[in-house]
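A structural walkthrough
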Amino acid sequence: FVDMGDRVRIADADHADEALAKAKGCTACHANDKKVIGPAYKEVAKKYKGDAKAPEMLVQKIIKGGQGVWGPIPMPPNNVTADEAKKLASYILAM
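Residues numbered from 1 in each chain as written. Predicted model: local features only at pLDDT ≥ 70, side-chain atom pairs only at ≥ 80, totals over all residues. Heavy atoms only, no water.

**As for the environment of Pro76**
The condition is simple: Secondary structure elements follow DSSP: runs of H or I no shorter than four residues count as helices, runs of E no shorter than two count as strands, and numbering proceeds from the N terminus. Think of it in three bands: residues with accessible area under 20% of the maximum for their type are buried, residues over 50% are exposed, and the middle band is partly exposed, with areas taken using a 1.4 Å probe on protein chains only.
Counting through the fold element by element, Pro76 comes out in the loop between α3 (54-64) and α4 (82-93). Its relative accessible area of 49% is what places Pro76 among the partly exposed residues. The spatial distance from the C-alpha of Pro76 to the C-alpha of Gly66 is 6.7 Å, given a sequence separation of ten residues.

**Structural notes on the packing of aromatic side chains**
Here is the rule we go by: Aromatic rings from Phe, Tyr and Trp, with only the six-membered ring used for Trp, were paired whenever their centres fell within 6.5 Å, and each pair was classed as stacked if the ring planes differed by under 30 degrees, edge-to-face if by over 60, and tilted otherwise. Ring-over charges, as used throughout, are those where CZ of Arg or NZ of Lys falls within 6 Å of the ring centre and within 35 degrees of the ring normal.
In the structure shown here, the tally under the stated rule is one aromatic pair. Judged by centre distance (5.9 Å) and plane angle (75°), the rings of Tyr41 and Tyr91 are edge-to-face. Taken as a pair, Tyr41 in helix α2 (residues 41-48) and Tyr91 in helix α4 lie far apart in primary sequence, 50 residues in all. Under the relative-accessibility criterion, Tyr41 is labelled buried at 4%. A relative accessible area of 8% places Tyr91 in the buried class. Note that Lys47 overlies the ring of Trp70, its terminal NZ or CZ placed 5.0 Å from the centroid.

**Considering the nonpolar core**
For clarity, the threshold we go by: We define the nonpolar core as a collection of buried residues of types Ala, Val, Leu, Ile, Met, Phe, Trp, Tyr and Cys that are connected through side-chain atoms lying within 4.5 Å of one another. Pairs of residues are marked as contacts when any of their non-hydrogen atoms sit within 4.5 Å.
One finds Tyr41, Ile62, Leu88 and Ile92 to be the most contacted residues of the largest nonpolar core, which totals 16 residues. Breaking this core down by element, the ones donating at least two residues are α1 (5-23), α2, α3 and α4. For this core, the element with the most residues is α4, which contributes five residues. Excluding anything up to four places from it in sequence, Ile92 contacts Tyr41, Val44, Ala45 and Ile62.

**Let's talk about the pattern of salt bridges**
Counted only if it meets this: Salt bridge criterion: a side-chain nitrogen from Lys or Arg within 4 Å of a carboxyl oxygen from Asp or Glu.
Across all of its chains, the model carries three salt bridges by this definition. Here Lys22 and Glu18 are joined by a salt bridge, their closest N and O atoms 3.8 Å apart. One end of the pair is Lys22 and the other is Glu18, both in helix α1 and four residues apart, which spans about a single turn. Between Asp83 and Lys87 there is a salt bridge, with its nearest N and O atoms 3.5 Å apart. In this pair, Asp83 and Lys87 both sit in helix α4, four residues apart, roughly one turn of the helix.

**Things to note about the environment of Met95**
Here Met95 lies in the segment after α4. Met95 sits 51 residues away from Val44 along the chain, and the two C-alpha atoms are 8.6 Å apart.

Right under this line is the structure:
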């Protein structure tokens, strides 16, 4: 008998966070592994790997929007709660 419980929970959490990104419109400008209008989530994760301040910084960027880090096209503010922004930031940084 092999207990796959933790792996299943992790996969379910990843799927839920991906669904949240789709539901909040993030995927109109972002994809996991390629630039769309904004950077790929994997590129964001790579850029901020090991940066202890990255999770909170991304939460604020997701909520308030931003410009200049990834080029001239601004990211608009998003209609998300702080909890949703934290889930999205964790999802992105885990790439």
